[in-house]
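Architecture and fold: a report
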There are 2 protein chains.
Amino acid sequence: MTPRVIFFDINETLLDMQAIKTGLATVLEGDETLVDLWFANLLHHSLVDTMSSQFHDFIDVGGAALTMVAHSKNIALDEKTAKDTIKQYITKLPAHDDVIPTLKALHSAGIALVALSNSSETGLNAQLEYANIKHYFSHVLSVERVRTYKPHPAVYHWACQQANVKNEEAMMVAAHGWDVSGAKATGMRTTFVERPGKMMYPLGLTPDHSIASLNELVSLVTR
Amino acid sequence: MTPRVIFFDINETLLDMQAIKTGLATVLEGDETLVDLWFANLLHHSLVDTMSSQFHDFIDVGGAALTMVAHSKNIALDEKTAKDTIKQYITKLPAHDDVIPTLKALHSAGIALVALSNSSETGLNAQLEYANIKHYFSHVLSVERVRTYKPHPAVYHWACQQANVKNEEAMMVAAHGWDVSGAKATGMRTTFVERPGKMMYPLGLTPDHSIASLNELVSLVTR
């Protein structure tokens, strides 16, 4: 069945994070594994905020997490430098090779496409413009508007309302098992994209589809 | 003011995690930073479960997270080996040097002490017995009973009910900023323990106290 609307996660799913990995490693003694640790801490603390009824900008949570990771390894890094470094790199990420052909084909097939990201609204728009893919999306949605992060169910319900679609008629596409599982829990259909190094969260709700390349999505949803 | 009850986080706060870092590194090509990445992923996915109305045993979430971290670095590791390795090390962690003197002094001062952990009930009891500190606690509380993880507010409210104390009369002591912030959000008093490499989450709710050694807690709460 063809979904009426396809929601795309952005970071890692559509945009190649290698440039920010290389960039952030410059303030972390060159260790890219510490950048992975930063991203995991960023995601954890975005949900920690929700648990204590707080909300902070994605870059602020990112800056805090980066400072904590640096501290854990005895690397001197103040919060301003941390935030500036993240800002410098996160809005200059290229799209993966399979992204533009896929978005173009889906758009031509008449399927509405929506960007749904944990990035701030300003950051998200800058990211999509830099990657030259903004014009494919009917809606560009940042969690900033609901002041809670994916995979909180409120995000997916709100996003479906914004795109005027029932959850069951929509599909979430992401390279993160937690995003896929969270969307599935709200009734959306889901596709997991197996980006290099990524695997589905084994205990997450099973995705409807799992694909090795985004190119597979076109035939999958237009069958 | 002396709290009527002091709740202690266990992993990292009371128990030294170095042994599990060394142990888990054996299945992660010797890289202890990957063990840090595992723990951050474990914590993130414990909250991801909550967001999609799921709950899994801490070891199960840990095994899933360990498999994902190994996959991200092209290290072959099946889920059974992952879980077995975690189980082998997590119940054999010694207490930090300042733990037994502090628990003894607080216990002698007539303050009720409670263990409150994300570990499973069976795992938590085994941990406290191995470290020879179980007898100091009036209650040994695992989040397994409420089927959601710290820092979800339900955990702290439930724990205070179990110990028959108002949140305002209780203190949470932890080496994790997210635990301190979560407890504070429910009205508890809080003390952050600056274990090596740990710093308070900069955007978290400010703890009432921050101490470099657990020994400082005794004079702090018996003033």
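Summary of the structure given here. (Residues numbered from 1 in each chain as written. Chains lettered and ligands numbered in written order. Predicted model: local features only at pLDDT ≥ 70, side-chain atom pairs only at ≥ 80, totals over all residues. Heavy atoms only, no water.)

Some thoughts on unusual backbone geometry
For the peptide bond that leads from A:K150 to A:P151, omega is 10°, which places it in the cis range. Mapped onto the elements of the fold, A:P151 is located in the loop between β3 (139-142) and α7 (153-162). Backbone geometry places B:E29, a non-glycine residue, at a positive phi of 50°. As for its placement among the helices and strands, B:E29 is situated in the loop between α1 (18-25) and α2 (32-51). A residue is classified by how much of its surface remains accessible, and B:E29, at 64% relative accessible area, is exposed. The backbone phi angle of B:N74 is positive, close to 60°, even though this residue is not glycine. In this structure, B:N74 sits in the loop between α3 (58-72) and α4 (79-90). (Helix = DSSP H or I, 4+ residues; strand = E, 2+ residues; numbered from the N terminus. Buried < 20%, exposed > 50% of the residue type's maximum accessible area, 1.4 Å probe, protein only.)

Concerning the sheet that holds strand β2 (residues 112-117) of chain B
Strands belonging to one sheet form pairs held by backbone hydrogen bonds; the direction of such a pair is parallel or antiparallel. Residue and element names in this part refer to chain B. Taken together, the 6 strands give an open sheet; going across it, the order is β3-β2-β1-β4-β5-β6, and neighbouring strands pair in parallel fashion. Edge positions in the open sheet fall to β3 (139-142) and β6 (209-211), since each of these has one partner strand only. Ignoring strand direction, the axes of neighbouring strands in this sheet form an average angle of 20°. Inspection of the sheet shows strand β4 (residues 170-174) paired to strand β5 (residues 189-193) by 4 bridges, in the parallel sense. Across the sheet, A174 pairs through a bridge with F192, a residue of β5. Along the sheet, helix α7 (residues 153-162) contacts β1 (5-8), β2, β3 and β4; its crossing angle with β3, the most-contacted strand, is approximately 155°. Lying on the sheet, helix α8 (residues 177-185) is in contact with β4 and β5; it crosses β5 at an angle near 175°. (Pairing = 2+ DSSP bridges. Axes fitted to C-alpha atoms, helices over the stretch in contact; angles between N-to-C directions. Contact = heavy atoms within 4.5 Å.)

Considering the sheet that holds strand β5 (residues 189-193) of chain A
All names here are of chain A. One open sheet holds the 6 strands; their spatial order is β3-β2-β1-β4-β5-β6, and the pairing between them is parallel. Of all strands in the sheet, those bounded by a partner on one side alone are β3 and β6 (209-211). Adjacent strand axes in the sheet meet at a mean angle of 20° when their direction is disregarded. As defined by bridge partners, β5 adjoins β6 across 3 bridges and the pair is classed as parallel. Residue T191 lies in a different strand from β6, and its bridge partner there is H209. Across the sheet, helix α8 (residues 177-185) is in contact with β4 (170-174) and β5; its angle to β5 comes to roughly 175°.

Some thoughts on the pairing of β5(B)
Residues and elements named next belong to chain B. With respect to burial, β5 is a largely interior element, 5 of its 5 residues being buried. Of the two faces of β5, the one holding R189, T191 and V193 and the one holding T190 and F192 are both buried throughout. After leaving β4, the chain enters α8 and then returns to the sheet as β5, a path that is right-handed. (Right-handed = clockwise from strand over helix to strand, strands pointing away.)

Describing helix α3 (residues 58-72) of chain A
Every α-helical turn comprises 3.6 residues, leaving residues that sit three or four positions apart pointing alike. Residue and element names in this part refer to chain A. For α3, with 15 residues, the first-to-last C-alpha span of 21 Å sits near the 21 Å given by 1.5 Å per residue. Across the 15 residues of α3, 12 count as buried, placing the element largely inside the fold. Those residues of α3 lying buried are F58, I59, V61, G62, G63, A64, A65, L66, T67, M68, V69 and A70. If you follow the buried residues of α3, they end up packed against α1 (18-25), α2 (32-51) and α4 (79-90). For α3, the N-terminal cap is D57; the gap from its side-chain oxygen to the backbone nitrogen of I59 is 2.8 Å. Backbone geometry just downstream of α3 places N74 in the positive-phi region, at approximately 60°. (Expected span 1.5 Å × (residues − 1). Polar contact = N/O pair within 3.5 Å; in protein donor to acceptor, adjacent residues only side chain to side chain.)

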